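Summary of structural features
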Amino acid sequence: MAIESSPIKLCSFSTPEGNKCCRPAREGFDHCTFHVGYELPEGAAALDAPSFADEFSALIAAKDGNWYGFAFPEGVTLPPEVDFPINAQRCRFNGCLTLDKVMFREPVDLSNTVFGSGVTLKNVTFCKAANFAQCRFDGSVLFQQVFFRSVASFPGAEFHGQATFRASFSGLANFNSTIFHDSATFAGWRNTALRIDSVVAFSICGSATIHVNGAQPRKLLDIARSELLRARSWLSREWAASSHKLQSNMKTLGKKLRGIKRKFATRDPDTTVFRVFDGEAQFQNSLFLRPERTVFSQVNLSNVLFLGTNLRGAMFIDTTWWQPAFRRNGIRDEEFVRFSNDGPFRYQTLPALEETCRNVRVALEENRSFDKATDFYIGEMDAARLQLGFLRRHIFSVLALYSSVSRYGSSVGVAFRFLVLLILMYLSLTLLLQTPNGSLPSLSDISQTGLASFKTLLFQAGAAGDNRGLVQGWLDAVFRILGVVQATMVTLAFRARTKRH
């Protein structure tokens, strides 16, 4: 989208002669600016903050967002709502940039900008695309409750100080090839709405005086009216007392019911959870130079691509990795690579996928998240197996066999089902050998053969001493070995899912 320039001139420095435009404006722009990478001309002095603020306010009033190459002094402020696109490429912020409660309704482009000091954004909303590509952050960065409603791009950015993203990315978040020189924190948060119960009491008071044309009323009529008023007053008091008691009892009952519901509830209806990445995110080939100071807390990582990024040493607290396509935890790259229709791309990317799954597994094991780490071990082994030829991938290899009998020693269900299958196979073959041709085995024969099969698989001497022929002897020997091996697989799968050290 082309941004129309206004005739307003804005310089970021001036010469001793008082000329504000000490460098010709770049072609296509009406502003005389300081471009990052250029040096100030000899004798030029930086424009003071008050002068800059006056001219910058004039640009904002004219809704001119063509700020290409500006050198911003410290103390730059923006209005609560910016409803025009901003082109602030190759700018430089010499001081700390602090924005609080600002909403950008149009795209913001800050690519190739240098932030010489700290950056603090609080309660800031980017309604459309926000581009921070190739930016350099020399100081600390704090994004506190910042909402990116559309695409947020940080590819190739460098964070030299502490970087904290307590932000919500609704669209694509691109952190590919980003370098974090210091600590990096991606943390979600919860917003809880305070509910206040109120009691509204209604009181109705009234009085009545009866006059009958100034004449003396009759005695009987006066008594009747008096009693009627007394009865009416008594009924009003009783009704008010009963209503108040009923309201109090209902309120007490409501509190008890809410307490019981709260006790067994797993979600708070008054709490909104922001888990950072609501849409897809990319951290491919990113670099965390201080992995021991890298934290992902309350973050949804199910839609994040990590291919080529080493996460060993990072800390993961209350993170979500679930992949519905595999019905286990994993990284999104597995689905992206394994289900790709491009054969050469898939085959060439599998080693990197294997390494990435291994790095995440090690990181989770260091966090003592062994159950999730086991799922990543499955992804690592699958990536290694898929690099083999077709027959070795599915049948003639240790990895293929290991996957079939116990899902690489990680699935209790698969291992137990295969053990039951071995028992049924052994029972069927034994009945076939010991039953005369053309006859059906009786229930007693099936029961005795089943008991003998269990004894054989458990290496009991009684079963070994049975003299049932040479073929049956070899069958017993083979299934004894297979039964013990598969029983060991069941034990290993249990240990993989329950170990605590």
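Structure first, text after, so check above.
**Thoughts on the packing of aromatic side chains**
- Counted by the stated rule, this structure contains 54 aromatic pairs.
- With a centroid separation of 5.0 Å and 5° between ring planes, the pair formed by phenylalanine 126 and phenylalanine 148 is classed as stacked. Taken together, the residues span a long stretch of sequence, with phenylalanine 126 in strand E12 (residues 125-126) and phenylalanine 148 in strand E15 (residues 141-148) at a distance of 22 residues. As far as burial versus exposure is concerned, phenylalanine 126 and phenylalanine 148 are alike and both buried.
- When the ring centre of phenylalanine 326 is taken as reference, the NZ or CZ atom of arginine 328 above it lies at 5.0 Å.

**Topic: the nonpolar core**
- Formed by 74 residues in total, the largest nonpolar core has its most connected members in Trp67, Phe148, Phe154, Phe169, Phe186 and Phe277.
- Counting only elements with at least two residues in this core, the list comes to helix H1 (49-61), strand E7 (97-100), strand E11 (119-122), E15, strand E18 (163-169), strand E21 (184-187), helix H4 (343-366) and helix H5 (370-385).
- In terms of residues, this core owes the most to one element, H4, which gives 6 residues.
- Those residues within four positions of phenylalanine 277 in sequence are excluded, and the remaining contacts are Phe169, Ala173, Phe175, Phe186, Phe283, Val299, Asn300, Leu301 and Val304.

**Remarks on the sheet that holds strand E24 (residues 281-282)**
- Spatially, E5-E9-E13-E16-E19-E24-E27 is the arrangement adopted by the 7 strands of the open sheet, whose pairing is parallel. Sheet topology places strand E5 (86-87) and strand E27 (304-305) at the edges, where each strand pairs with a single neighbour.
- In the sheet, strand E19 (residues 173-174) pairs with E24 via 2 bridges, with the strands oriented parallel. Each residue of the ladder has a partner; that of alanine 173, found in E24, is alanine 281.

**A short note on the environment of phenylalanine 326**
- Counting through the fold element by element, phenylalanine 326 comes out in the loop between strand E29 (322-323) and strand E30 (328-329).
- Sequence separation of phenylalanine 326 and glycine 379 is 53 residues, and the distance between their C-alpha atoms is 9.5 Å.

**Here we look at unusual backbone geometry**
- Even without being glycine, valine 276 reaches a positive phi, approximately 65°.
- Following the sequence through the fold, valine 276 ends up in the loop between strand E23 (271-274) and E24.
- With a phi angle near 55°, arginine 327 is a residue other than glycine that sits in the positive phi range.
- Residue placement: arginine 327 occurs in the loop between E29 and E30.

**Considering the sheet that holds strand E10 (residues 114-115)**
- A sheet is described by the order of its strands in space; here 7 strands give the open sequence E3-E6-E10-E14-E17-E20-E25, paired in parallel fashion. The sheet is open, and its two borders are formed by strand E3 (71-72) and strand E25 (287-288), each paired with just one other strand.
- Direction of pairing for strand E14 (residues 136-137) relative to strand E17 (residues 158-159): parallel, over a ladder of 2 bridges. In the strand pairing of E17, phenylalanine 137 is matched with phenylalanine 159.

**Digging into a nonpolar patch on the surface**
- A contiguous nonpolar surface patch, about 510 Å² in accessible area, is contributed by Leu246, Met250, Leu253, Leu257 and Ile260.
- Inspection of the secondary structure assignment puts methionine 250 in helix H2 (residues 219-264).

So, how was this worked out
Residues numbered from 1 in each chain as written. Predicted model: local features only at pLDDT ≥ 70, side-chain atom pairs only at ≥ 80, totals over all residues. Heavy atoms only, no water. Phe/Tyr/Trp six-rings, centres within 6.5 Å; stacked < 30°, edge-to-face > 60°. Helix = DSSP H or I, 4+ residues; strand = E, 2+ residues; numbered from the N terminus. Buried < 20%, exposed > 50% of the residue type's maximum accessible area, 1.4 Å probe, protein only. Lys NZ or Arg CZ within 6 Å of the ring centre and 35° of its normal. Core = buried A, V, L, I, M, F, W, Y, C linked by side-chain atoms within 4.5 Å. Contact = heavy atoms within 4.5 Å. Pairing = 2+ DSSP bridges. Patch = residues over 30% accessible without salt bridge, like charges linked within 9 Å, V, L, I, M, F, W, Y side chains within 5 Å. Areas by Shrake-Rupley, 256 points an atom, 1.4 Å probe, with all protein chains shown as cover. Salt bridge = Lys/Arg side-chain N within 4 Å of Asp/Glu carboxyl O.

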